[in-house]
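Listed below, chain by chain, are the residues.
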Amino acid sequence: MGEKKRKTPLVGIVMGSDSDLPVMEEAEKVLNQFHVPYEITLSSAHRSPNRTQRYAKSAEERGLEVIIVGAGAAAHLAGVIASKTTLPVIGVPIDASPLKGMDSLLSTVQMPGGIPVATMAIGKAGARNAAILAIQILALKSPQLRVALREYKEQLEQAVEEKAKGIERGSA
Ligand code: RP5
């Protein structure tokens, strides 16, 4: 039996260090759940500027449609990548220094006018939301993904209903 053809990645996940991986795996989980093809790699704005530039410049021609970037500390990676591509870039600030991610949040979100980075929450919730936002962007031209996103929202609603049943009580 022939090997199954690998799909071209639509979402790129880039992180500044292998120490960011446990956070960025949250984004990976969501993309897997929605069967969205992705690639994941490592590059640093400061330690490997040439690799970072190559990644950003080649992203579009390689078929990527959205890039998710996670970095901690003085997190310039998302901004640098955004400066070298016209693809939407979603930034995930990571708690990796004594400043607990506030440094990374501000470095990621506070872009100068003209080069946006859609900045998520610090940490795992941010990584998860980055993947959902990426899927929402892809869903603009995918009816299948729109259906999957509606189902996902229904599941969230259902989970709250179930939990509410478990704790609802009163004195009357
Ligand atoms: C950032 O510095 C990385 O994104 C990481 O969050 C942080 C620490 O990196 P390591 O020293 O663990 O490689 O560039």
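Please refer to the structure higher up on the page.
What counts as what
Residues numbered from 1 in each chain as written. Predicted model: local features only at pLDDT ≥ 70, side-chain atom pairs only at ≥ 80, totals over all residues. Heavy atoms only, no water. Patch = residues over 30% accessible without salt bridge, like charges linked within 9 Å, V, L, I, M, F, W, Y side chains within 5 Å. Areas by Shrake-Rupley, 256 points an atom, 1.4 Å probe, with all protein chains shown as cover. Salt bridge = Lys/Arg side-chain N within 4 Å of Asp/Glu carboxyl O. Lys, Arg positive; Asp, Glu negative; His and termini not counted. Charge placed at Lys NZ, Arg CZ, Asp CG, Glu CD. Helix = DSSP H or I, 4+ residues; strand = E, 2+ residues; numbered from the N terminus. Buried < 20%, exposed > 50% of the residue type's maximum accessible area, 1.4 Å probe, protein only. Near = heavy atom within 4 Å. Polar contact = N/O pair within 3.5 Å; in protein donor to acceptor, adjacent residues only side chain to side chain. Nonpolar A, V, L, I, M, F, W, Y, C, P; charged D, E, K, R; others polar. Contact = heavy atoms within 4.5 Å. Pairing = 2+ DSSP bridges. Axes fitted to C-alpha atoms, helices over the stretch in contact; angles between N-to-C directions.

This part covers a negative patch on the surface. On the surface, Glu-151, Glu-154, Glu-157, Glu-161 and Glu-168 cluster together into a negatively charged patch. On the secondary structure map, Glu-154 appears in helix H6 (residues 143-167). You can call Glu-154 exposed: its relative accessible area is 52%.

With that settled, consider the site of the ligand. Around the ligand sit Gly-16, Ser-17, Ser-19, Asp-20, Arg-47, Ala-71, Gly-72 and Ala-96, and those are all the residues in its vicinity. Interatomic distance of 3.0 Å between a backbone N/O atom of Gly-72 and an oxygen atom of the ligand. Within the complex, 73% of the 360 Å² of free accessible area of the ligand lies under protein. Taken together, the residues of the shell around the ligand break down into two nonpolar, four polar and two charged.

This part is about the side chain of Glu-39. Within the secondary structure, Glu-39 sits in strand E2 (residues 38-42). In this view, Glu-39 contacts Pro-9, Val-11, Gly-12, Ile-13, Tyr-55, Arg-62 and Leu-64; residues no more than four positions away in its chain are not counted.

Turning our eyes to something else, we now look at the sheet that holds strand E3 (residues 66-72). Pairing is parallel in the open sheet, where five strands are placed in the order E2-E1-E3-E4-E5. Each edge of the open sheet carries a strand with a single partner, namely E2 and strand E5 (118-119). The sheet contacts of helix H2 (residues 49-59) involve strand E1 (11-15), E2 and E3, and relative to E2 the element is tilted by about 165 degrees. This element, helix H5 (residues 124-139), spans E1, E3, strand E4 (89-94) and E5 of the sheet and lies at about 175 degrees to E4.

Across all of its chains, the model carries four salt bridges by this definition. When the shortest N-O distance is used, the salt bridge between Lys-29 and Glu-26 registers 2.8 Å. Of the two residues, Lys-29 and Glu-26 both sit in helix H1 (residues 21-33), three residues apart, roughly one turn of that helix. The partner of Arg-62 in a salt bridge is Glu-39, with the nearest N and O atoms 2.9 Å apart. In this pair, Arg-62 is assigned in the loop between H2 and E3 and Glu-39 in strand E2, connecting sequence segments 23 residues apart. Residue Arg-62 is classed as partly exposed on the basis of its relative accessible area, which comes to 31%. Assessed through its relative accessible area of 18%, Glu-39 is described here as buried.

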